[in-house]
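Residue strings, one per chain:
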Amino acid sequence: MDSQRVKEIINSPVMINVTYHGIPVYIEEVDPGSQTAVVLPLDEMDHHQEVDIEGLVEEGP
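Definitions and cut-offs
Residues numbered from 1 in each chain as written. Predicted model: local features only at pLDDT ≥ 70, side-chain atom pairs only at ≥ 80, totals over all residues. Heavy atoms only, no water. Buried < 20%, exposed > 50% of the residue type's maximum accessible area, 1.4 Å probe, protein only. Helix = DSSP H or I, 4+ residues; strand = E, 2+ residues; numbered from the N terminus. Arc of directions from axis to C-beta. Contact = heavy atoms within 4.5 Å. Core = buried A, V, L, I, M, F, W, Y, C linked by side-chain atoms within 4.5 Å. Polar contact = N/O pair within 3.5 Å; in protein donor to acceptor, adjacent residues only side chain to side chain. Salt bridge = Lys/Arg side-chain N within 4 Å of Asp/Glu carboxyl O.

Asks: Can you explain helix α1 (residues 3-11)? Please cite residues and give values.
Replies: Taken together, the buried positions of α1 are occupied by Ser3, Val6 and Ile9. Seen from one end, α1 has its buried residues packed into an arc of 115°, which puts them on one side. Contacts made by the buried residues of α1 are with β1 (18-20), β2 (23-31) and β5 (56-58).

Set out below in structure tokens:
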């Protein structure tokens, strides 16, 4: 996924399903310079994790 799409997902008024290596996540912020994002696994919302945005996948409806 590219950083522009990650920003669009973060700013979207509706929840867009995204996974990181098959794990559903909530994207909290993105750093386009380092191509990373801070995500929270949906089943562990207190576990912040910095990940490579290339591993993020937008799931279809």
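From this point, the narrative continues.
Asks: Go over the nonpolar core with me, naming the residues and quoting the values.
Replies: Membership of the largest hydrophobic core comes to 13 residues, with the highest contact counts inside it found for Val18, Ile27, Ala37, Val39 and Leu56. When residues of this core are traced back to their parent elements, those giving at least two are α1, β1, β2 and β3 (36-41). The element best represented in this core is β2, accounting for three residues.

Asks: So what about the side chain of Thr36? Which residues, and what values?
Replies: Among the secondary structure elements, Thr36 is positioned in strand β3. Classification of Thr36 as buried rests on a relative accessible area of 14%. A polar contact of 2.7 Å, which involves the side chain of Thr36, links it to the side chain of Ser34. Here Glu50 takes part through its side chain, which lies 3.1 Å from a polar atom of the side chain of Thr36. Those residues in contact with Thr36 that lie beyond four places of it in its chain are Val30, Asp31, Glu50, Val51, Asp52 and Ile53.

Asks: Help me get a handle on the pattern of salt bridges, residues and values and all.
Replies: Throughout the structure, instances matching the rule amount to two salt bridges. A salt bridge links Arg5 to Glu8, with the nearest nitrogen and oxygen atoms 3.0 Å apart. Of this pair, Arg5 and Glu8 both sit in helix α1, three residues apart, which is roughly one turn of that helix. Across the pair Arg5 and Glu58 runs a salt bridge, and its minimum N-O distance is 2.8 Å. With Arg5 in helix α1 and Glu58 in strand β5, this pair connects stretches of sequence that are 53 residues apart. By relative accessible area, which is 25% here, Arg5 ends up partly exposed. Salt bridges here are not isolated pairs; linked through shared partners, they connect Arg5, Glu8 and Glu58.

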